[in-house]
Amino acid sequence: MKRYIILLTCILFFCITNSSAQDSYIQCEDTCRHIHGIDLSHYQGEVFWESVGANSKMAYVYLKATEGSTHIDKTYERNIELAHKYGLKVGSYHFFRPKTDLTKQLENFMSQCRPGDQDLIPMIDIESTGGLKTDEFCDSLFKFLNMVEEAYRQKPLLYTYTNFYNKHLKGKIDDYKLMIAQYSEEQPVLDDERDYTMWQYTAKGRINGINTYVDKSRFMGRHSMKEIRFKHF
């Protein structure tokens, strides 16, 4: 009798634990109808794109191309080729270093982010002031954004965190589309209450074909893919 009770207890514990584990993998895309996507870099290792492409909930991917003046993401070339092959809309991003030579940063980005390969407008990842005061940081950033716009003949998408935007960029980049990162159940609210196009809602997403955590994002409200399509002139 004791063995029977112990067995029942173990089965019940397994069921509860397994159910909780399954619940922990429920993501925003499982409960809403917004357009969802991911962003990737070498941190995700080898990606099995056939499996990723089979996930119809992921419509787009932003791939890290470059950082600063010399760094090139080692997985970029393979990832962009296979992401296209398996049906995702692809964009490329550059991690901005405000104290690094701007011309060299642009040259580095353009060496990888070739217009003919792009479905989505370039994205600039803005996370650090490099130790500069806000005015100095913004001066460097705005010069670089103008250079990117001139090179690609369209404004880039800007990626940053809620707190970083509120502290350094509030009211200064109204002409740009934004992807705002905030890893919480609540949607971001910027201090100036401005609209933003996309929300990166988790850095611990799961998806078939990727063995590590992955950043996931979605479009907000009535915003859609057509707003960030790369214009091929």
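None of the values given here were measured: they were computed from a predicted structure.

Observations regarding the pattern of salt bridges
Part 1 of the reasoning: Summed over all chains, the structure comprises six salt bridges.
Part 2 of the reasoning: Between Arg114 and Asp117 there is a salt bridge, with its nearest N and O atoms 3.4 Å apart.
Part 3 of the reasoning: Note on Asp117: relative accessible area 26%, which makes it partly exposed.

Brief notes about the packing of helix H4 (residues 102-112) against helix H5 (residues 134-152)
Part 1 of the reasoning: It is at 10 Å that the axes of H4 and H5 come closest, and there the two elements cross at 40 degrees. If you check the angle between H4 and H5, you find them oblique. Crossing of H4 over H5 shows right-handed handedness. Here H4 contributes Leu102, Thr103, Gln105, Leu106, Phe109 and Met110 to the contact with H5, which in turn contributes Ser140, Lys143, Phe144, Met147, Val148, Ala151 and Tyr152.
Part 2 of the reasoning: Residue classes in the contact of H4 with H5 are distributed as nine nonpolar, three polar and one charged.

Remarks on the environment of Lys226
Part 1 of the reasoning: Inspection of the secondary structure assignment puts Lys226 in the segment after strand E9 (210-219).
Part 2 of the reasoning: In this structure Lys226 comes out as exposed when scored by relative accessible area, which is 59%.
Part 3 of the reasoning: Remark: the alpha-carbon pair of Lys226 and Leu120, spanning 106 residues in sequence, is separated by 8.9 Å.

Some details on the packing of H5 against helix H6 (residues 162-169)
Part 1 of the reasoning: At a minimum axis distance of 10 Å, the contact between H5 and H6 shows a crossing angle of 100 degrees. Here H5 is positioned roughly perpendicular relative to H6, judged by the angle of their axes. Contacts between H5 and H6 involve Thr134, Phe137, Cys138 and Leu141 on the former and, on the latter, Phe164, Lys167, His168 and Leu169.
Part 2 of the reasoning: In the contact of H5 with H6, the residues fall into five nonpolar, two polar and one charged.

Basis of the calculations
- Residues numbered from 1 in each chain as written.
- Predicted model: local features only at pLDDT ≥ 70, side-chain atom pairs only at ≥ 80, totals over all residues.
- Heavy atoms only, no water.
- Salt bridge = Lys/Arg side-chain N within 4 Å of Asp/Glu carboxyl O.
- Buried < 20%, exposed > 50% of the residue type's maximum accessible area, 1.4 Å probe, protein only.
- Axes fitted to C-alpha atoms, helices over the stretch in contact; angles between N-to-C directions.
- Helix = DSSP H or I, 4+ residues; strand = E, 2+ residues; numbered from the N terminus.
- Parallel < 35°, antiparallel > 145°, perpendicular 65-115°, else oblique.
- Left-handed = near helix turned anticlockwise from the far one by under 90°.
- Contact = heavy atoms within 4.5 Å.
- Nonpolar A, V, L, I, M, F, W, Y, C, P; charged D, E, K, R; others polar.

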